[in-house]
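So the chains spell out like this:
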Amino acid sequence: MTITMYGIANCDTIKKAKKWLEAEGVEYQFHDYRKQGIDTALVKQFCQQLGWENVLNKRGTTYRQLSAEQKEALNETNAIALLVEQPAMIKRPILVVGDDYHIGFKADQYATIFS
């Protein structure tokens, strides 16, 4: 089974998730948006599986810098375009285990996924 973690290498949550996977001996591939890029097809896939509102990280500085008008006008179509343009706004990590998509990191959540 293929396991891929998507995110940004210097993100603290990514570091915690990687550390957990490595401590548990789980083999995975890491896809760094900044180095390997991201495209519309991948973001659409995330949004179809997880819901665009869940994929959009509203707590990050990139989102907070959007104007009130931009925030109010957000819908799935323009959110996808924005996430491709600004991958730092994608909630991290997104973990794909086979055909299952998971978002965020909590040790107990990962323990359940890999039990």
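Before reading on, note that the structure itself is shown above.
Presented here is an overview of the structure given in this document. A quick note: this is a predicted structure, and the numbers were derived from the prediction, not measured.

**A look at the layout of surface pockets**
Then step 1. A volume near 300 Å³ is recorded for the largest pocket.
Then step 2. Taken together, C11, T13, N57, R59, K91, R92, I103, G104, F105, K106 and Q109 make up the full set of residues lining the largest pocket.
Then step 3. Tallied by class, the residues present in the lining of the largest pocket amount to three nonpolar, four polar and four charged.

**As for the pairing of strand β4 (residues 100-103)**
Then step 1. As paired strands, strand β3 (residues 94-97) and β4 are joined by four bridges and run antiparallel to one another. Within β4, the position partnered with I94 by the bridge is I103.
Then step 2. Between β3 and β4, which pair antiparallel one after the other, the connecting turn spans two residues, and G98 there sits at a positive phi close to 60°.

**Points about the nonpolar core**
Then step 1. The biggest cluster of nonpolar side chains holds 24 residues, and the ones touching the most others in it are Y33, F46, V55, L83, I90 and I94.
Then step 2. At the level of secondary structure, the elements contributing two or more residues to this core comprise α3 (40-50), α4 (52-55), α7 (76-85) and β3.
Then step 3. Broken down by element, this core gets its largest block of residues, five residues, from α3.
Then step 4. Discounting chain neighbours no more than four positions away, the residues touching V55 are F46, C47, L50, L83, M89, I90, K91, I94 and I103.
Then step 5. Ranked by size, the runner-up nonpolar core spans 13 residues in total, among them I3, W20, V26 and Y28.

The rules behind the values
Residues numbered from 1 in each chain as written. Predicted model: local features only at pLDDT ≥ 70, side-chain atom pairs only at ≥ 80, totals over all residues. Heavy atoms only, no water. 1 Å grid on protein atoms, 1.4 Å probe; cavity = no way out; pocket = protein on both sides within 12 Å on 5 of 7 lines; lining within 4 Å. Points joined across faces, edges and corners; volume = space filled by probe spheres on them. Nonpolar A, V, L, I, M, F, W, Y, C, P; charged D, E, K, R; others polar. Pairing = 2+ DSSP bridges. Helix = DSSP H or I, 4+ residues; strand = E, 2+ residues; numbered from the N terminus. Core = buried A, V, L, I, M, F, W, Y, C linked by side-chain atoms within 4.5 Å. Buried < 20%, exposed > 50% of the residue type's maximum accessible area, 1.4 Å probe, protein only. Contact = heavy atoms within 4.5 Å.

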